[in-house]
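Close look at the chain arrangement
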Amino acid sequence: MRDVIARVWFGVVAAIAIWGVTLSASIWIMTDPAALVAHGGGHGNPADFDNWFVRLTITFFYFTILSNIVVGVTSLLLAIRLDRTSTVFRVFRLFGLFSIIITGLVVNFYLGKFVHLEGIDLINNDMVHVAVPILATLGWLIFGPRTPFRFKYLFYALGIGLVWLLVTFIHGALLHWYPYPFLDVDTIGYPKALTISLAILAFAFLLGMAILGLDKVLPGHDKLLEESEQPTA
């Protein structure tokens, strides 16, 4: 029965995350180019965002969207089958967990005070910034699956974040549009933006360590002990 409940839980998380990402993409496609530029720091050229596909790609430069996609896909895989132990899955599962926690904390305790949403925007915000972070975190705490404490999982997961930062800065340099004020090089400069980025990565490292550490003591960790005792080929 526990496995059935877990699979249903992960299925719900996946559905909310995937629907939230889809709704976000739809909102950005319909956003006026001038409003989009203003939202990205106000330094870009609205003409660069006239194409609907360019506006669509904007969606995927938000860390919120990246974390929701990873959580959505990994949760969907768990809803299909719980016993997933591959390195690739564990890396993305770990990345999804610490990323969605960071997303929830940053937006609800910092960025949220700068925006006032209503209607469909508010519903979308609550899906990707509130519901998914809370449900994904609770699902991990209650059901796992537990990840063995391996530094390689954490370093690979941080590597995903580094790639996102690199691509975001390159994209920003080309179109002068940034998803968050603390990455807006045109306004705050590279030294401050890079310093904040390193601080976030450091926090992600500590959060990843905490997740792996808790996985050693939370319910379900006995399976990891059994796994570690299996002979290796």
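Below is a short write-up of the structure. Please read all numbers here as calculations on a predicted model, not as lab measurements. (Residues numbered from 1 in each chain as written. Predicted model: local features only at pLDDT ≥ 70, side-chain atom pairs only at ≥ 80, totals over all residues. Heavy atoms only, no water.)

1. Quick word on the side chain of H129
To keep things clear, this is the line we draw: We count a stretch as a helix when DSSP gives it H or I for four or more residues in a row; a strand needs E for two or more, and each element gets its number in order from the N terminus. Two N or O atoms count as a polar contact when they lie within 3.5 Å, although within protein this holds only if one can serve as hydrogen donor and the other as acceptor, and sequence-adjacent residues are included solely when both atoms are side-chain atoms. We call two residues contacting when some pair of their heavy atoms lies within 4.5 Å.
With respect to the helices and strands, H129 occurs in helix α6 (residues 120-143). At a separation of 2.5 Å, a polar atom in the side chain of H129 contacts the side chain of N125. Ignoring anything within four residues of it in the chain, the contact list for H129 reads T64, T103, G104, V107 and N108.

2. Describing helix α4 (residues 63-80)
Counted only if it meets this: Expected helix span is given by 1.5 Å per residue-to-residue step, counting one fewer step than there are residues. In this scheme, a residue with accessible area under 20% of its type's maximum is buried, one over 50% is exposed, and one in between is partly exposed, where area comes from a 1.4 Å probe on protein chains only.
The first and last C-alpha atoms of α4 sit 26 Å apart over 18 residues, in line with the 26 Å expected at 1.5 Å per residue. Counting buried positions along α4 gives 13 out of 18 residues, so the element sits mostly inside the fold.

3. Focus: the packing of aromatic side chains
Each pair of aromatic rings is reported with the distance of its centres and the angle of its planes. For clarity, the cut-off: Any two of the Phe, Tyr and Trp rings considered here, Trp counted by its six-membered ring, make a pair once their centres fall within 6.5 Å; the pair's planes then place it as stacked at under 30 degrees, edge-to-face at over 60, or tilted in between.
This structure, assessed with the given rule, holds 15 aromatic pairs. Each residue in the set W28, Y62, W177, Y180 and F182 is aromatic and connected to the rest through ring pairs, giving one cluster.

4. A word on the nonpolar core
So the rule is basically this: Nonpolar core, defined: a set of buried Ala, Val, Leu, Ile, Met, Phe, Trp, Tyr and Cys residues in which side-chain atoms within 4.5 Å join the residues together.
Judged by nonpolar contacts, the single largest core of 52 residues is most densely connected at L94, F95, F98 and I211. Those elements that provide at least two residues to this core are α1 (2-30), α2 (33-39), α4, α5 (87-109), α6, α7 (151-175) and α9 (190-214). The dominant element in this core, judged by the number of residues it contributes, is α7, at 9 residues. Core analysis: the next-biggest nonpolar cluster, separate from the first, contains 6 residues, F10, L78, A79 and F143 among them.

5. Some remarks on empty space enclosed by the protein
Condition: In this analysis, the protein atoms alone were mapped onto a 1 Å grid. Cavities are point sets where a 1.4 Å probe fits without being able to get out; pockets are open sets with protein on both sides within 12 Å along at least five of seven lines; lining residues have an atom within 4 Å of a point. Grid points are joined across faces, edges and corners, and a volume is the space filled by probe spheres set on the points. Here the nonpolar group is Ala, Val, Leu, Ile, Met, Phe, Trp, Tyr, Cys and Pro; Asp, Glu, Lys and Arg are the charged ones; every other residue, Gly included, is treated as polar.
Counted by the stated rule, this structure contains 1 cavity of 30 Å³ or more. Of the volumes computed, that of the largest cavity is approximately 260 Å³. Surrounding the largest cavity, 20 residues form its lining, F63, I102, W164, F182 and I200 being those nearest its centre. Broken down by secondary-structure element, the contributors of at least two residues to the lining of the largest cavity are α4, α5, α7 and α9. At 6 residues, the largest contribution of residues to the lining of the largest cavity is made by α5. A class-by-class count of the residues in the lining of the largest cavity yields 16 nonpolar, 4 polar and no charged.

6. Quick look at α7
Taking 1.5 Å of rise per residue, the 25 residues of α7 would be expected to cover 36 Å, and the 36 Å separating its terminal C-alpha atoms lies within 8% of that figure. Of the residues one or two after α7, H176 is the one with positive phi, at around 55°.

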